[in-house]
Amino acid sequence: MAASNKDKIRDIYELLPKLNCGLCGYGSCGRFAKAVAGGRTSPFGCRRNPWAGYKISEIIGAEAPAHVYRSQAAFLPGLRVSPDTMNLKTLRKEINRLSRGVEDILARMENLKTRR
Ligand code: SF4
């Protein structure tokens with residue numbers, strides 16, 4: 001038996017970060033999930049976790065083209081890992097590296113503030 005639209009929305013929602021940041025243009029993860037289930041937007045539209053689009057594509061029965069993976073990676077500024085060789089382990093390492101860079105910048109800014 002095919003999943004109902006309500007089931008699809010719930011399953012899609014479960015894959016999203018639930019940050020309700022609005023970067024996808026739908027204001028919340030729930031509205032984004034409804035839009036995807038209704039075929040009104042790309043399953044890769046979550047800007048916080050575009051890779052969820054692969055699982056979401058399975059849920060809605062859409063075929064995910066390989067080039068989406070490459071283009072979505074372009075949304076990560078400063079990414080040093082080639083999208084062609086990226087997997088969860090290398091992505092996690094790269095995110096940790098970028099996080100350390102941000103923390104370093106914040107520490108320097110804090111240091112400059114205390115000098116004034
Ligand atoms: S961009 Fe992703 S995390 Fe942000 S509201 Fe949209 S679906 Fe949720």
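Structure's up top.
None of the values given here were measured: they were computed from a predicted structure.

### Some details on the site of the ligand
Consideration 1: Inspection of the region around the ligand gives P17, L19, N20, C21, G22, C24, S28, C29, F32, C46, R47 and R48 as its neighbouring residues.
Consideration 2: A class-by-class count of the residues in the shell around the ligand yields 7 nonpolar, 3 polar and 2 charged.

### Digging into the nonpolar core
Consideration 1: Core analysis: the biggest nonpolar cluster contains 10 residues, these being I12, L16, C29, F32, A33, V36, A37, C46, A52 and I56.
Consideration 2: With 5 residues, helix α2 (residues 29–37) is the single largest residue contributor to this core.
Consideration 3: Dropping the residues within four chain positions of it, I56 is found in contact with I12, L15, L16, V36 and P43.

### Section: a nonpolar patch on the surface
Consideration 1: Taken together, the side chains of V102, I105, L106 and M109 make up a nonpolar region of the molecular surface, amounting to roughly 390 Å² of accessible area.
Consideration 2: Counting through the fold element by element, V102 comes out in helix α5 (residues 88–115).

### A few points about the packing of helix α1 (residues 5–15) against helix α3 (residues 52–60)
Consideration 1: Remark: α1 packs on α3, axes separated minimally by 10 Å, with the N-to-C direction vectors making an angle of 170°. On the basis of the axis angle, α1 is roughly antiparallel to α3. Across from K8, D11, I12 and L15 in α1, the residues of α3 making contact are A52, K55, I56, I59 and I60.
Consideration 2: By residue class, the composition of the contact of α1 with α3 is 6 nonpolar, no polar and 3 charged.

### A short note on the packing of aromatic side chains
Aromatic ring pairs are reported here in terms of the distance separating the ring centres and the angle at which the planes meet.
Consideration 1: On inspection of all chains with the given rule, the structure shows 2 aromatic pairs.
Consideration 2: On the basis of an interplanar angle of 85° and a centroid distance of 4.9 Å, the ring pair of F44 and Y54 is categorised as edge-to-face. With F44 in the loop between α2 and α3 and Y54 in helix α3, this pair connects stretches of sequence that are 10 residues apart.
Consideration 3: On the accessibility criterion, F44 (4% relative accessible area) is buried.
Consideration 4: A cation sits over an aromatic face here: K18 above Y13, 5.2 Å from the ring centre.

### A short note on the pattern of salt bridges
Consideration 1: In the structure shown here, the tally under the stated rule is 4 salt bridges.
Consideration 2: One salt bridge in this structure joins D7 and R10, with 3.4 Å as the shortest N-O distance. Of this pair, D7 and R10 are both found in helix α1, 3 residues apart, which corresponds to roughly one turn of the helix.
Consideration 3: Overlapping salt bridges, with partners in common, bring together D7, R10 and D11 in one network.

### Comments concerning the side chain of S28
Consideration 1: Among the secondary structure elements, S28 is positioned in the loop between α1 and α2.
Consideration 2: Overall, the relative accessible area of 15% leaves S28 in the buried class.
Consideration 3: A distance of 3.2 Å separates a polar atom in the side chain of S28 from the backbone nitrogen of R31.

About the cut-offs
Residues numbered from 1 in each chain as written. Predicted model: local features only at pLDDT ≥ 70, side-chain atom pairs only at ≥ 80, totals over all residues. Heavy atoms only, no water. Near = heavy atom within 4 Å. Nonpolar A, V, L, I, M, F, W, Y, C, P; charged D, E, K, R; others polar. Core = buried A, V, L, I, M, F, W, Y, C linked by side-chain atoms within 4.5 Å. Buried < 20%, exposed > 50% of the residue type's maximum accessible area, 1.4 Å probe, protein only. Helix = DSSP H or I, 4+ residues; strand = E, 2+ residues; numbered from the N terminus. Contact = heavy atoms within 4.5 Å. Patch = residues over 30% accessible without salt bridge, like charges linked within 9 Å, V, L, I, M, F, W, Y side chains within 5 Å. Areas by Shrake-Rupley, 256 points an atom, 1.4 Å probe, with all protein chains shown as cover. Salt bridge = Lys/Arg side-chain N within 4 Å of Asp/Glu carboxyl O. Axes fitted to C-alpha atoms, helices over the stretch in contact; angles between N-to-C directions. Parallel < 35°, antiparallel > 145°, perpendicular 65-115°, else oblique. Phe/Tyr/Trp six-rings, centres within 6.5 Å; stacked < 30°, edge-to-face > 60°. Lys NZ or Arg CZ within 6 Å of the ring centre and 35° of its normal. Polar contact = N/O pair within 3.5 Å; in protein donor to acceptor, adjacent residues only side chain to side chain.

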